[in-house]
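Report on the structure
Okay, here's what each chain looks like letter by letter:
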Amino acid sequence: MPEGDSVWRAARQLHEALAGQTLIASDFRVPRFATLNLSGWTVDEVIPRGKHLLMRVVSPDAKRLTIHSHLKMEGAWQVYPPGGRWRKPGFTARCVLRTAVADAVGFSLGIVEVVATADEDSLVGFLGPDLLGPDWDLDEAERRVRSRPEVPIGVALLDQRNLAGIGNIYRCEACFLSGVHPATPVSDVEDVRTMITDAKQLLEVNLGPGRRVTILNPRGLPVGRMAGRPGYWVYGGERRPCLKCGTPIQRGLLGKPNGEEERDIYFCPKCQPPPA
């Protein structure tokens with residue numbers, strides 16, 4: 001799944017390219033919407049909601065629709081000059097939107113659907129507060145995480161019903177920064193609030209260009225972008241020495257919300273002792 005910062009950047013790129021522009025062609029390569037033609041509609045805005053992208057369009061007679069997409073594991077939106085050559089195979093395109101100034105192509109999108117803008121809540125209304133959104137509410141996010149004390153904190157942080165935008169990278173890194181093993185039950189985590197705040201800070205630091213990093217200096221500035229420096233404290237670092245204590249980082253598995261498949265977790269067994 002994408003991290004919230006990736007979706008935020010994708011939404012910004014699409015908004016800058018398409019907002020205020022009239023569609024001269026649309027091509028939805030999914031059966032349900034294959035006959036939908038939005039030519040003549042104007043792109044009003046493109047916004048992120050957690051890991052979801054919402055593109056709002058308006059017809060000449062003021063009807064409003066929302067193109068909803070989710071990248072899932074392999075999806076991506078790319079913007080090209082009109083008629084530009086695609087950098088991904090054409091058979092993976094799921095949505096093509098053309099304007100006079102840019103073409104936007106959604107490749108390998110996990111979800112593509114179109115609904116009335118007034119019905120957006122049917123798609124994303126279940127989401128918790130968005131760490132990168134105007135609805136952010138730390139108190140509500142903490143309340144939701146703590147509402148199921150028996151759930152492992154690493155599962156609770158990934159549950160988009162609790163708070164929207166954290167993916168596997170940020171949950172592993174936030175747990176490390178708090179010295180908490182991801183499998184620790186929420187009830188045993190003393191400071192859920194700081195863990196959430198750390199995740200939000202890491203997301204915000206990575207909204208700009210350059211590779212994603214989670215290693216910050218005391219002023220909150222990234223240092224992991226320097227040449228030769230690791231980008232993450234623990235994520236993807238199996239067997240690499242912990243940057244704090246030197247103990248080899250370990251990889252494990254932890255179930256996702258709603259009984260879904262397990263996902264990798266990375267942790268330092270010394271800095272983050274497994275729960276008893």
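You'll find the structure just up there.
These notes cover the structure that comes with them. (Residues numbered from 1 in each chain as written. Predicted model: local features only at pLDDT ≥ 70, side-chain atom pairs only at ≥ 80, totals over all residues. Heavy atoms only, no water.)

This paragraph deals with the sheet that holds strand β6 (residues 93-98). Overall, antiparallel pairing links the 4 strands, which are arranged β1-β6-β7-β5 in an open sheet. At either end of the open sheet lies a strand with only one pairing partner, and these are β1 (25-28) and β5 (76-80). Sheet twist, expressed as the mean angle between neighbouring strand axes with direction ignored, is 15 degrees. With 4 bridges joining them, β1 and β6 adopt antiparallel strand pairing. Note that in β6 the partner of F28 across the bridge is C95. (Pairing = 2+ DSSP bridges. Helix = DSSP H or I, 4+ residues; strand = E, 2+ residues; numbered from the N terminus. Axes fitted to C-alpha atoms, helices over the stretch in contact; angles between N-to-C directions.)

Most of helix α5 (residues 168-177) sits inside the fold, with 9 of its 10 residues counted as buried. Looking at α5, one finds that the buried residues are N168, I169, Y170, R171, C172, E173, A174, C175 and F176. Those residues of α5 that are buried are in contact with α1 (4-18), α4 (153-158), α6 (192-205), β9 (250-255) and β10 (262-267). Residue G179 follows α5 closely and has a positive phi angle near 70 degrees. (Buried < 20%, exposed > 50% of the residue type's maximum accessible area, 1.4 Å probe, protein only. Contact = heavy atoms within 4.5 Å.)

Of all the positions in helix α3 (residues 138-146), only L138, A141, E142 and V145 are classed as buried. Mapping the buried residues of α3 onto a view down its axis gives an arc of 95 degrees, with all of them on the same face. Structurally, α3 contributes buried residues whose contacts are with α4 and α6. Between a side-chain oxygen at the N-terminus of α3 and the backbone nitrogen of D139 the separation is 3.1 Å; the capping residue is D137. (Arc of directions from axis to C-beta. Polar contact = N/O pair within 3.5 Å; in protein donor to acceptor, adjacent residues only side chain to side chain.)

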